[in-house]
Amino acid sequence: MKTNDFYYDLPEELIAQHPAEKRDESRLLHLKSDGSFEDLHFRDIVNFIKPEDVLVINNTKVLPARIFGSRPGKDEHIEVLLVKELDKDLWQCMVRPGRKMKQDTIIEFPHGLSGKVVDISEDGLRLIQFHYNGVFLEILEKLGEMPLPPYIHEKLEDKNRYQTVYAKYEGSAAAPTAGLHFTQDLLQKIREQGTEIAEITLHVGLGTFRPVKTDTIEDHHMHSEYYRIDEEAARKINKAKARGGRVIAVGTTSIRTLESAMAAMGEIKPIAKETDIFIYPGYQFKIVDAIITNFHLPESTLIMLVSAFAGRDVILNAYRHAVEEKYRFFSFGDAMFIESRKE
């Protein structure tokens, strides 16, 4: 299958540069199981979630992982994006400008933080060993910025708007953006109607930033990400399936977690593991019954994933409608609720 099969035209002005004023006032495109759709607002999502269902959310927390430094004695601006911790204080990083960051290069940052490039991977990522006094996460909170995607050019005034209201465990290089639409009040309404909410964790990694550069999607390789399902989440998911309810996944990160667990064990049980699962059309879903998601970049692995779920032509038709109706796209944009297709 060709990568350009997943291209669509998007006017630049539809790329959301800032969050909606209120999280749950963003728009919602309801994509029905027969391929038809309706235009709503996100707060209407409660009307589609039933008491017997389970809502699966990703409770990862975004690190303020974009930091700026310089080589000793140099008047320069080096941007380092922490992507993934491989060992104690050893991080896989994206660095700009990368050509200057050769092996053994020292980078100095404010607040007594420094790093040494100890290796360079084939895809240009730097492995940096950090040195500091104190607590690393506290230092990051002081000097780090949220790692907003490159298509967002406006400054984010409130760091918390790039976190879900249920974010708990630090480790992501990007937000699980479908969850940004939920408020505590909206989640409480869902609980009050009898629906259980299962929290899982997937730390969003490099794949979010890397476009598909191969002509055929089968040649693309996903970077691995850490995921975890605990005993309570597994119990809630299995209970919902047993009573005939749906597993409604909030975002592509929740989908990859659930489908990875099924691939690893054939059922949902407690697990903590790495996954590089790549879901594209032809994939047979094993556990997910419905999806809440944002609108994704053309030719991205994420639009391929939702196309696998609902059908490429159905998704591209819905996207054309969203463009015509001037929905807001990408990380700070509007949302979709996608029901599973009728066979």
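Here the residue index of a chain counts from 1 through its sequence in written order. At least 70 in pLDDT is required for a residue's local features to be given in this predicted model, at least 80 for side-chain atom pairs to be given and counted, and no such filter applies to totals for whole chains, interfaces and linings, which use all residues. Excluded from the side-chain calculation are hydrogens and water; included are all heavy atoms of the structure.

- The protein has the name S-adenosylmethionine:tRNA ribosyltransferase-isomerase in an unreviewed UniProt entry, where Aedoeadaptatus coxii is given as its organism.
- Under the UniProt heading Function (unreviewed entry), the entry covering the protein gives this text: "Transfers and isomerizes the ribose moiety from AdoMet to the 7-aminomethyl group of 7-deazaguanine (preQ1-tRNA) to give epoxyqueuosine (oQ-tRNA)."
- UniProt positions are given in the numbering used here, feature names are shortened, and annotations may be inferred rather than shown by experiment. According to the UniProt record, the Sequence similarities (unreviewed entry) comment for the protein is "Belongs to the QueA family."

Concerning the sheet that holds strand β8 (residues 106-108)
At step 1: If you trace the six strands from one edge of the open sheet to the other, you get β5-β6-β7-β10-β9-β8, paired in antiparallel fashion. The outermost strands of the open sheet, each flanked by one partner alone, are β5 (66-69) and β8. Here the strands of the sheet are splayed against their neighbours by 40 degrees on average, with no regard to which way each runs.
At step 2: Packed onto the sheet, helix α1 (residues 136-143) meets β5, β6 (78-87), β7 (90-96) and β10 (126-131) and runs at close to 80 degrees relative to β5. In this scheme, strands are said to pair when DSSP sees at least two bridges between them. Secondary structure elements are taken from DSSP: a helix is a run of H or I of four residues or more, a strand is a run of E of two residues or more, and numbering for both begins at the N terminus. Working convention: axes come from line fits to C-alpha atoms, limited for helices to the stretch in contact. Angles between N-to-C directions cover 0 to 180 degrees. Two residues qualify as a contact provided that any one of their heavy atoms is within 4.5 Å of a heavy atom in the partner residue.

Here's the deal with the packing of aromatic side chains
At step 1: Aromatic pairing here means that ring centres of Phe, Tyr or Trp (its six-membered ring) are within 6.5 Å. Orientation follows from the plane angle: under 30 degrees is stacked, over 60 is edge-to-face, and everything else is tilted. Using the criterion set out here, one finds 18 aromatic pairs in the structure.
At step 2: Between Tyr319 and Phe329 the ring centres are 6.1 Å apart and the planes differ by 75 degrees, which places this aromatic pair in the edge-to-face class. Taken together, the residues Tyr319 in helix α6 (residues 312-324) and Phe329 in the loop between α6 and β17 (335-339) connect sequence positions 10 residues apart. Phe329 carries the same exposure label as Tyr319, and that label is buried.
At step 3: Each ring, one from Phe329 and one from Phe330, has its centre 6.2 Å from the other, and the planes form 90 degrees; the classification is edge-to-face.
At step 4: When accessible area is computed with a 1.4 Å probe and restricted to protein chains, residues below 20% of their type maximum are described as buried, those above 50% as exposed, and intermediate ones as partly exposed. The buried category is assigned to Phe329, whose relative accessible area is 0%.
At step 5: Among the aromatic residues, those joined into a cluster by ring pairs are Tyr8, Tyr151, Phe295, Tyr319, Tyr327, Phe329 and Phe330.
At step 6: A ring has a charge above it when a Lys NZ or an Arg CZ is no more than 6 Å from the ring centre and no more than 35 degrees off the ring normal. Directly above the ring of Tyr327 sits Arg27, whose terminal nitrogen or CZ lies 3.9 Å from the centroid.

Brief notes about the side chain of Arg23
At step 1: Inspection of the secondary structure assignment puts Arg23 in the segment before β1 (27-31).
At step 2: Charge convention: Lys and Arg are scored as positive, Asp and Glu as negative, and His as well as the terminal groups of each chain are ignored. Salt bridges are defined by distance alone: a side-chain nitrogen of Lys or Arg within 4 Å of a carboxyl oxygen of Asp or Glu. Although Arg23 is buried, it makes no salt bridge; Asp158 carries the closest opposite charge, 6.6 Å away.
At step 3: Within the structure, the side chain of Arg23 is placed 3.0 Å from the backbone oxygen of Gln163, a separation counted as a polar contact.
At step 4: Those residues in contact with Arg23 that sit more than four places away from it in its chain are Asn160, Arg161, Gln163, Thr164, Val165, Leu180, His181, Phe182 and Thr183. By the criterion applied in these results, polar contacts are pairs of N or O atoms within 3.5 Å in which, for protein atoms, one can donate a hydrogen and the other can accept it, and in which residues neighboring in sequence qualify only through two side-chain atoms.

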